[in-house]
Amino acid sequence: MKDYSLYYCDQRLEEAEVKKLLEQAWEELYELEFDQVFGTWRGVHLEVETDTVHITWENMYCAPFMISIHRSTRVLRMDYPRDAFLALEQAEIERLRCLPPKKRRP
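Residues numbered from 1 in each chain as written. Predicted model: local features only at pLDDT ≥ 70, side-chain atom pairs only at ≥ 80, totals over all residues. Heavy atoms only, no water.

Undergrad: What should I look at first to understand the packing of aromatic side chains in this one?
TA: Each aromatic ring pair is characterised by the separation of its centres together with the angle its planes make. Applying the stated criterion across every chain yields a total of 3 aromatic pairs. Aromatic side chains Trp26 and Trp41 sit 5.8 Å apart centroid to centroid with 50° between the ring planes, which places their arrangement in the tilted category. Taken together, the residues Trp26 in helix H1 (residues 15-31) and Trp41 in strand E2 (residues 39-47) connect sequence positions 15 residues apart. You'll find Trp26 and Trp41 in the same group, each marked buried. Taking 5.0 Å as the distance between ring centres and 70° as the angle between the ring planes, the aromatic pair formed by Trp41 and Trp57 counts as edge-to-face. One end of the pair, Trp41, is in strand E2; the other, Trp57, is in strand E3 (residues 52-59), with 16 residues separating them in the sequence. Put simply, the rings of Trp26, Trp41 and Trp57 pair up and form one aromatic cluster. (Phe/Tyr/Trp six-rings, centres within 6.5 Å; stacked < 30°, edge-to-face > 60°. Helix = DSSP H or I, 4+ residues; strand = E, 2+ residues; numbered from the N terminus. Buried < 20%, exposed > 50% of the residue type's maximum accessible area, 1.4 Å probe, protein only.)

This is how it looks when you write it as C-alpha cells:
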C-alpha cells in the first residue's frame, strides 16, 4: 500500500500535483529496489528558480536522500548534494513553523 503522508509539504504546490510527483518518485524507488515498507516520505519542497520539486525520502537502511523532479519536463534527478538538501529541507520546515496557524496546511 502506498503511503503519501508527509512531514511537511510546500504550500505553493497543489495537492494533485504533489500526489503525481510522489507517484513518480515511488516508481523510481521501486526501480532502485528500495523496500517501501521500511521507509517514509519526509517532505516536498518547490524550488521556484529552477521549477523543480524536491522530495525527500528516508528509510532505516541508509541516510535520507532527495529525488528532484522538474515540473514541466518531469526529468528526475537524484544527485542533489546531501548537506544542501538537508539545509533546504530544514529551511522549509522553519518557514512553515513561522506561518500563522491558519496558513498552515493540515
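Read on for the rest.
Undergrad: Which parts of the structure should I look at to understand the nonpolar core?
TA: The nonpolar side chains of soluble globular proteins are, as a tendency, buried together. Formed by 17 residues in total, the largest nonpolar core has its most connected members in Trp41, Val44, Val53 and Ile55. Elements represented by at least two residues in this core include exactly H1, E2, E3 and strand E4 (65-70). Among the elements that make up this core, the one with the highest residue count is H1 (6 residues). (Core = buried A, V, L, I, M, F, W, Y, C linked by side-chain atoms within 4.5 Å.)

Undergrad: How should I be thinking about the sheet that holds E2 in this particular structure?
TA: As summarised here, the arrangement of the 5 strands in space is E1-E2-E3-E4-E5, forming an open sheet in which the pairing is mixed. For this open sheet the edge positions go to strand E1 (8-9) and strand E5 (76-77), each flanked by a neighbour on one side alone. Across 2 bridges, E4 lies against E5 in antiparallel orientation. Bridge pairing in E5 places Ser68 opposite Arg77. (Pairing = 2+ DSSP bridges.)

Undergrad: I would appreciate a short explanation of the pattern of salt bridges in the present structure.
TA: Should the charged atoms of two oppositely charged side chains come close, the side chains can pair. Tallied over the entire structure, the rule returns 5 salt bridges. Within this structure, Glu17, Asp51 and Arg71 form a network of salt bridges that share partners. (Salt bridge = Lys/Arg side-chain N within 4 Å of Asp/Glu carboxyl O.)

Undergrad: What should I look at first to understand the environment of Arg71 in this one?
TA: By the element assignment, Arg71 lies in the loop between E4 and E5. With 25 residues separating them in the primary sequence, Arg71 and Leu46 have C-alpha atoms 9.3 Å apart. Those residues within four positions of Arg71 in sequence are excluded, and the remaining contacts are Leu13, Glu17, Leu46, Asp51 and Val53. (Contact = heavy atoms within 4.5 Å.)

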